[in-house]
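A structural walkthrough
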Amino acid sequence: MIALKILDLRRFMSAFLTGDTFDGFQLLEGQITTFCTFQIDGRWQESFFSRDSKDPDSEEEAGEAPVLYTPWSSLKEYCYSLIRGKRTPLSFRFIFQTSPEQTDELFTGTEGLRETVRSLSLNLRYDGSSLFLTTGTSRTGFTRDRSADHLWDEWVLEFLRDAGVASELL
């Protein structure tokens, strides 16, 4: 796990809210505080959509379906509408995770490492003046091996560099 302070807030917010930089992430939860506090539960609500929009050839398996989370690309427009304006938000926080496909891709070529990881997360927290980003790794069980953590942390640092976002390690 690493903690970073985002140094170029304007560039980060542009990439975050109007660019496609974070579109591959899934939102687990979020909170935006402006004139009131808006809570976002990122769990995908399949029942919202009509049965007509479902794939007729797909068969739902018996048992409990895995929890699906909403891609950031589907939510960022709504969040942007809450954050933009003459006044900056008092605060916000978002918890993201990589999709299973992104996680698989990250661990390609690492023998057995993928099986130790349940999910990889990014936590964003804005306190009214500074923005902080923290990485996290959820494990399938206990292990002393921190190779997955290091791989994820390095990926995030490179991801921010590629996006042109300056940060400092805390």
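So, here is what we can say about the structure in this document. Small disclaimer: the values here were computed from a predicted structure and weren't measured.

1. Describing the side chain of Thr 135
- Along the chain, Thr 135 falls in strand E7 (residues 131-139).
- A polar contact is formed between the side chain of Thr 135 and the backbone nitrogen of Ile 2, at a distance of 2.9 Å.
- One polar contact links Thr 135 to Asp 153, side chain to side chain, over a distance of 2.6 Å.
- Residues contacting Thr 135, with those up to four places away along its chain left out, are Met 1, Ile 2, Ser 121, Leu 122, Trp 152, Asp 153 and Val 156.

2. Details of the packing of helix H1 (residues 9-17) against helix H2 (residues 72-83)
- H2 packs onto H1 with a crossing angle of 130 degrees between their chain directions and a minimal axis gap of 9 Å. Considered as vectors, H1 and H2 are oriented oblique to each other. Where H1 abuts H2, its residues Met 13, Phe 16 and Leu 17 lie against Trp 72, Lys 76, Tyr 80 and Ile 83.
- Among the residues making up the contact of H1 with H2, the classes are represented as six nonpolar, no polar and one charged.

3. Some thoughts on the layout of surface pockets
- Considered as a void within the structure, the second largest pocket measures approximately 240 Å³ in volume.
- Per element, the largest residue contribution to the lining of the second largest pocket is three residues, and it comes from H2.
- Residues of the lining of the second largest pocket, tallied by class, amount to six nonpolar, four polar and two charged.

4. Observations regarding the pairing of strand E1 (residues 3-6)
- Residue alternation in E1 divides its side chains into a buried set, Leu 4 and Ile 6, and an unburied set, Ala 3 and Lys 5.
- Note: E1 against E7, four bridges, orientation antiparallel. Looking at the pairing, Ile 6 lines up with Leu 131 of E7.

5. Overview of the environment of Ser 47
- Mapped onto the fold, Ser 47 is located in the loop between strand E3 (37-41) and strand E4 (70-71).
- Counting along the chain gives 106 residues from Ser 47 to Asp 153, while the straight-line C-alpha distance between them is 36 Å.

6. A look at the nonpolar core
- Counting 36 residues, the largest nonpolar core has Phe 12, Phe 16, Trp 72, Phe 94, Phe 96 and Leu 160 as its most contacted members.
- Looking at this core, the elements with two or more residues in it are E1, H1, strand E2 (26-33), H2, strand E5 (91-97), strand E6 (117-126), E7 and helix H4 (147-162).

7. Considerations on the state of the cysteines
- Applying the stated criterion across every chain yields a total of zero disulfides.
- Cys 79 supplies the cysteine sulfur nearest to Cys 36, a cysteine that is in no disulfide, at a spacing of 13 Å.
- Look at Cys 36 and you get partly exposed, because its relative accessible area is 31%.
- Here Cys 79 falls in the buried class, since its relative accessible area comes to 1%.

8. A look at H2
- Those residues of H2 that sit buried are Trp 72, Leu 75, Lys 76, Cys 79 and Ile 83. Across the axial projection of H2, the buried residues extend over an arc of 115 degrees, all falling on one side. Along H2, exposed side chains directed more than 90 degrees from the buried face belong to Glu 77 and Tyr 78.
- Where H2 is buried, its residues touch H1, E2, E3, E4 and E5.

9. Here we look at the pattern of salt bridges
- Across all of its chains, the model carries six salt bridges by this definition.
- As a salt-bridge pair, Lys 76 and Asp 23 come within 2.9 Å of each other at their nearest N and O atoms. Taken as a pair, Lys 76 in helix H2 and Asp 23 in the loop between H1 and E2 lie far apart in primary sequence, 53 residues in all.
- For Lys 76, a relative accessible area of 12% puts it in the buried group.
- Owing to a relative accessible area of 22%, Asp 23 belongs among the partly exposed residues under this scheme.

What counts, and at which threshold
- Residues numbered from 1 in each chain as written.
- Predicted model: local features only at pLDDT ≥ 70, side-chain atom pairs only at ≥ 80, totals over all residues.
- Heavy atoms only, no water.
- Helix = DSSP H or I, 4+ residues; strand = E, 2+ residues; numbered from the N terminus.
- Polar contact = N/O pair within 3.5 Å; in protein donor to acceptor, adjacent residues only side chain to side chain.
- Contact = heavy atoms within 4.5 Å.
- Axes fitted to C-alpha atoms, helices over the stretch in contact; angles between N-to-C directions.
- Parallel < 35°, antiparallel > 145°, perpendicular 65-115°, else oblique.
- Nonpolar A, V, L, I, M, F, W, Y, C, P; charged D, E, K, R; others polar.
- 1 Å grid on protein atoms, 1.4 Å probe; cavity = no way out; pocket = protein on both sides within 12 Å on 5 of 7 lines; lining within 4 Å.
- Points joined across faces, edges and corners; volume = space filled by probe spheres on them.
- Buried < 20%, exposed > 50% of the residue type's maximum accessible area, 1.4 Å probe, protein only.
- Pairing = 2+ DSSP bridges.
- Core = buried A, V, L, I, M, F, W, Y, C linked by side-chain atoms within 4.5 Å.
- Disulfide = S-S within 2.5 Å.
- Arc of directions from axis to C-beta.
- Salt bridge = Lys/Arg side-chain N within 4 Å of Asp/Glu carboxyl O.

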